[in-house]
Amino acid sequence: MNIENFTISDHADNNNGKLSIMGMFDRIDSVSFPAQHAHCCLALRLRFQRSEEGVHKLRIMLVDADGKAQLPPFEPDINASIPEGFDTGTANLVLNINGLPVQRPGNLYWDLVLDGQLAARLPMYVRQVGRQLKAA
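Residues numbered from 1 in each chain as written. Predicted model: local features only at pLDDT ≥ 70, side-chain atom pairs only at ≥ 80, totals over all residues. Heavy atoms only, no water.

S.K.: Even after reading the chapter, I still don't get the side chain of Arg45, so can you show me in this structure?
M.R.: Relative to the helices and strands, Arg45 resides in strand β4 (residues 35–49). Of the polar contacts made by the side chain of Arg45, one reaches the side chain of Thr90; its length is 3.3 Å. Once you skip the residues sitting within four places of it in the chain, Arg45 turns out to touch Asn2, Ile3, Glu4, Asn5, Gly17, Leu19, Thr90, Ala91 and Asn92. (Helix = DSSP H or I, 4+ residues; strand = E, 2+ residues; numbered from the N terminus. Polar contact = N/O pair within 3.5 Å; in protein donor to acceptor, adjacent residues only side chain to side chain. Contact = heavy atoms within 4.5 Å.)

S.K.: Teacher, can you tell me more about the packing of aromatic side chains here?
M.R.: The way to describe two aromatic rings as a pair is by their centre distance and the angle between their planes. One pass over the structure, following the stated rule, counts zero aromatic pairs. Here the guanidinium or amino end of Arg121 rests over the ring plane of Tyr109, the centre of that ring lying 4.6 Å away. (Phe/Tyr/Trp six-rings, centres within 6.5 Å; stacked < 30°, edge-to-face > 60°. Lys NZ or Arg CZ within 6 Å of the ring centre and 35° of its normal.)

S.K.: Quick question: what am I supposed to make of the pattern of salt bridges here?
M.R.: Any two side chains of opposite charge can pair if their charged atoms end up close together. Within this structure, the stated rule accounts for nine salt bridges. The residue Asp29 makes a salt bridge to Arg27 at a minimum N-O spacing of 3.2 Å. Linking Asp29 and Arg127 is a salt bridge whose minimum nitrogen-to-oxygen distance equals 3.0 Å. Here Arg127 lies in strand β9 (residues 117–128) and Asp29 lies in strand β3 (residues 27–30), a separation of 98 residues in the sequence. A single salt-bridge network, built from bridges that share partners, covers Glu4, Arg45 and Arg47. (Salt bridge = Lys/Arg side-chain N within 4 Å of Asp/Glu carboxyl O.)

S.K.: So what exactly am I meant to see when it comes to unusual backbone geometry here?
M.R.: Negative phi characterises most residues that are not glycine, and trans characterises most peptide bonds. The residue after Phe33, namely Pro34, is reached through a cis peptide bond having omega -5°. Mapped onto the fold, Pro34 is located in the loop between β3 and β4. Residue Asn16 is not a glycine yet carries a positive backbone phi of 55°. Its location among the elements puts Asn16 in the loop between β1 (2–15) and β2 (18–25). On the accessibility criterion, Asn16 (81% relative accessible area) is exposed. The phi dihedral of Asp115 is positive, around 50°, even though this residue is not glycine. (Buried < 20%, exposed > 50% of the residue type's maximum accessible area, 1.4 Å probe, protein only.)

S.K.: Can you walk me through the sheet that holds β3 in this structure?
M.R.: Strand pairs in the sheet, formed through backbone hydrogen bonds, run parallel or antiparallel to each other. Taken together, the five strands give an open sheet; going across it, the order is β3-β9-β8-β5-β6, and neighbouring strands pair in mixed fashion. Taken across any chain shown, the strands that pair with only one partner, and hence form the sheet edges, are β3 and β6 (77–80). Within this sheet the neighbouring strands show an average axis-to-axis angle of 25°, counted without direction. Bridge analysis of β3 against β9 gives four bridges, and the strand direction is parallel. Within β9, the residue paired with Ser30 across the bridge is Gln128. (Pairing = 2+ DSSP bridges. Axes fitted to C-alpha atoms, helices over the stretch in contact; angles between N-to-C directions.)

S.K.: Can you walk me through the pairing of β1 in this structure?
M.R.: On a regular strand, each side chain points to the face opposite its neighbour's, so the side chains alternate between the two faces of the sheet. Both β1 and β4 contribute to a ladder of seven bridges, which runs antiparallel. Residue pairing for β4: Thr7 is matched across the bridge by Ala43. Alignment of β1 against β2, held across seven bridges, turns out to be antiparallel. Within β2, the residue paired with Asn14 across the bridge is Leu19. In this antiparallel pair of consecutive strands, β1 and β2, the connection spans two residues, and Asn16 shows a positive phi of 55°.

Below is the structure:
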């Protein structure tokens, strides 16, 4: 199995096997914390060999630098199938996330676990910017 794409973006769409991604990013800026990122997408494209056909268990988690989960894990199954006449096949997954909570500045990581093994780690940097205005 090869990971062809694992990214966070403003928008992603899987349309008949064609993965479209707009606005890839790795940083969230906020004036104050806790904060909430209105909307983002995780986009994933995996390529499987014929020997890897079948159902695979995914687990996608957002963790902090200490490994503490920031969200409940996403645990979809991926069915790897290879079309007739092809040597490999692909599987796309788009996760739409509304209201992503961000507790404090620091480094977060999207961990991709495939069949019980950590397959990829995608960093997401959270920064505090500007000044928060005090109420009068």
